[in-house]
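# Structural features, examined
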Amino acid sequence: MAGERIAHLQSKIWSGSLPLEIRLAASDCRTYDESDPYLVQYPRLSYLAFLLPRLHTFFAPWLINPEVPSYEAWLSFEDVPLKWHYPTGLLYDLYSGAEPINFDGRQEREAVVLSHSTVATMGGAVSTPWRLTLHYTEFPSGQLIPLDADDKTMRDTFTNAMKEADFVRNGTARTAMSLSKEDSDKLWQAVRSHDRALFNEINTKLLYPPGLGLRHVPLKVYLPTSASQTTSETIPEEGKTTGHLRVVQALVPLQTSTRQPQTLGTALNSTLPTIFPSRRNPLLAQPVLHGAAVPMTANLWELNRAAAYTDGFLHLAVVMLG
Amino acid sequence: EALPHPYPNSNNTLTITYDIIHSPSYRLPVLYLTCTTTANHPISSPETLYRALVPPSMKPQIQAIGVMGAVSATEHPITGLPCYFVHPCKTADAMRPLCAGGGVGAERYVLRWLGLVGGGVGLNVPAALAVDIAGTGEV
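Please read all numbers here as calculations on a predicted model, not as lab measurements.

It is worth spelling out the interface of chain A and chain B at this point. Opposite the 28 residues of chain A that make contact, chain B presents 22 residues. Summing the contributions of chain A and of chain B, the shared interface buries around 2,200 Å²; its carbon and sulfur component is 61%. Its largest share of buried area at the contact with chain B, chain A owes to Asp156(A), Phe167(A) and Leu251(A), together 22% of the area lost on that side. On the surface where chain A and chain B come into contact, there are 1 salt bridge. One salt bridge in this structure joins Lys83(A) and Glu75(B), with 2.7 Å as the shortest N-O distance. Connecting chain A to chain B are 9 residue pairs in polar contact (both at pLDDT 80 or more). The leading source of residues in the side of chain A that touches chain B is helix 5 (residues 152-170) of chain A, at 9 residues. Looking at the side of chain A that touches chain B residue by residue, the classes come out as 12 nonpolar, 11 polar and 5 charged.

So this is what it looks like as structure tokens:
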């Protein structure tokens, strides 16, 4: 029963998408700012880089220099270059400025089971298109990882993240590293084409390796720099870039030190106590996942199984309150 | 430490900043390489980095490990900027025999780790520094 419930929740997350409205930068456009916009409903879990060939085809009639390869393009939102290796939904949670949807209703008192209503708000429909700019010149190589013609870089960064998640879960990455070439290709194909059934076929082998116990929950927390300045753990940044974030990672065990199931709140309270001083209530900040403020009482491992991104991590954006 | 590596037959200088950062996931030190060049030749791929760094004798071993070899593109955990890192996946297994017998403190661990990981990507610890850190000269 639990498996069915989680599968249903995962299906909802996978069908979550964002309306994108992509315009060609005036400096790359023969008719200045009069190209048509490219409109697409894009999965939150997918990566923007996969759009580049389609964008190149669409904008070809307007390109000042149509010889520039599609993989040399880059996308920005309000002058912030968008990182290729961050999934679209994470970029949206971090940069769009959209208000996170708040969970309506009572908080669960038991954190053992992730309820449907908790996840119901995640991945919800967004009505206002997210307006992005496509560029073909002045690639910001100091800020973005360059891509290549065969998606090797995208595949490599995804694979590294997937192996890291595996290591976090089990204390070894040997399950991920011993995937057959066929399975490894299928997994990548599932990510590229956003195929949940194919993804689960391989991901199930990663999640439940025989003989290995689950130890930690893969979690990454993204703080806006204004938040990180309030903590004593800040490392002073040189040459801050607009939109710079602090990425926090710590090993979060499946259970707390008192052998209770780990919740989102207990994990955040132990990892970032100055930003999350309460284990149950978001006093200073909210954890945002797939566009929704997730209740602190949510069971962390179940949240991961239902709502992790394709690399196996829960990528949480922190939004400061007040 | 920033170590300048001149390109052969060229007036361009590639500067590589090596950072050793403890990974909370792997609980190991991980070596990061951030590259800047003086001319218009950005390091746009691990292949370009190899040409500049990896001694020809070590290339086959490094390439054999994983999709693009032992070095991959990523974002720096502190600056958030693009850089390269050396895969830590096999480090734990490789370090085990080097630390057998116990009594390996943090400094010696990092020194042995540097010898294992750094040599392949142009980071060699000067002998004098190694002797100094190890005290007895036994590393």
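The next thing to look at is the sheet that holds strand 6 (residues 130-135) of chain A. Residue and element names in this part refer to chain A. On the basis of which strands lie adjacent, the open sheet formed by 5 strands has the order 2-1-6-3-4 and mixed pairing. Of all the strands in the sheet, the pair left with one neighbour each is strand 2 (38-43) and strand 4 (80-81). Its contacts with the sheet place helix 2 (residues 52-59) against strand 1 (17-24), strand 2 and strand 6, and it is angled at close to 170° to strand 2.

Turning next to the confidence of the model for chain B. Residues and elements named next belong to chain B. When pLDDT is averaged along chain B, the result is 69; 40% of the residues meet or exceed 70. Mean pLDDT across the elements of chain B bottoms out in strand 1 (residues 2-6) (53) and peaks in strand 5 (residues 82-86) (89). Prediction confidence for the complex, expressed as pTM and ipTM, is 0.85 and 0.82 respectively.

It is worth spelling out the nonpolar core at this point. Ranked by internal contacts, the top residues of the largest apolar core, which has 87 residues, are Leu20(A), Ile22(A), Leu48(A), Trp84(A) and Leu134(A). Excluding its chain neighbours within four sequence positions, the residues that come into contact with Ile22(A) are Asp36(A), Pro37(A), Tyr38(A), Leu51(A), Leu55(A), Phe59(A), Leu75(A), Leu132(A) and Leu134(A).

Here we come to the sheet that holds strand 5 (residues 101-102) of chain A. Adjacent strands of a sheet pair through backbone hydrogen bonds, lying either parallel or antiparallel. Residue and element names in this part refer to chain A. Read from one edge to the other, the open sheet built from 6 strands follows the order 5-10-9-11-7-8, with strand pairing classed as mixed. The open sheet has two edge strands with one neighbour each: strand 5 and strand 8 (245-248). Of the strand pairs in this sheet, strand 9 (residues 285-289) and strand 10 (residues 292-293) are connected by 2 bridges, and their pairing is antiparallel. The residue of strand 10 that forms the bridge with Val288 is Ala293. Contacts from helix 3 (residues 88-95) reach strand 7 (219-224), strand 8, strand 9 and strand 11 (314-320) within the one sheet, and its direction differs from that of strand 11 by about 10°. Where helix 11 (residues 300-307) meets the sheet, its contacts fall on strand 9 and strand 11, and the angle it forms with strand 11 comes to roughly 110°.

Moving on: unusual backbone geometry. Residue and element names in this part refer to chain A. Phi is positive for Glu78, close to 50°, though the residue is something other than glycine. If you trace the backbone, Glu78 turns up in the loop between strand 3 (74-77) and strand 4. Using a relative accessible area of 63% as the deciding quantity, one classes Glu78 as exposed. The residue His290 is not glycine, and still its phi comes out positive at about 50°. For His290, a relative accessible area of 1% gives the class buried.

This paragraph deals with the state of the cysteines. Applying the stated criterion across every chain yields a total of 0 disulfides over all chains. Between Cys35(B), a cysteine without a disulfide, and Cys83(B), which holds the nearest cysteine sulfur, the sulfur-to-sulfur distance is 8.4 Å.

Further remarks concern the pairing of strand 7 of chain A. All names here are of chain A. Of all the 6 residues making up strand 7, 5 are buried; the element is thus mostly covered by neighbouring parts of the structure. Alignment of strand 7 against strand 11, held across 4 bridges, turns out to be parallel. Its bridge partner lying in strand 11, Val221 is registered against Leu316. Where strand 7 lies against strand 8, 4 bridges are found, and the strand directions are antiparallel. The residue bridging Leu223 from the neighbouring strand is Arg246, located in strand 8.

Rules behind the numbers
- Residues numbered from 1 in each chain as written.
- Chains lettered and ligands numbered in written order.
- Predicted model: local features only at pLDDT ≥ 70, side-chain atom pairs only at ≥ 80, totals over all residues.
- Heavy atoms only, no water.
- Contact = heavy atoms within 4.5 Å.
- Buried area = accessible area lost by both parts, 1.4 Å probe.
- Salt bridge = Lys/Arg side-chain N within 4 Å of Asp/Glu carboxyl O.
- Polar contact = N/O pair within 3.5 Å; in protein donor to acceptor, adjacent residues only side chain to side chain.
- Helix = DSSP H or I, 4+ residues; strand = E, 2+ residues; numbered from the N terminus.
- Nonpolar A, V, L, I, M, F, W, Y, C, P; charged D, E, K, R; others polar.
- Pairing = 2+ DSSP bridges.
- Axes fitted to C-alpha atoms, helices over the stretch in contact; angles between N-to-C directions.
- pLDDT = per-residue confidence, 0-100.
- Core = buried A, V, L, I, M, F, W, Y, C linked by side-chain atoms within 4.5 Å.
- Buried < 20%, exposed > 50% of the residue type's maximum accessible area, 1.4 Å probe, protein only.
- Disulfide = S-S within 2.5 Å.

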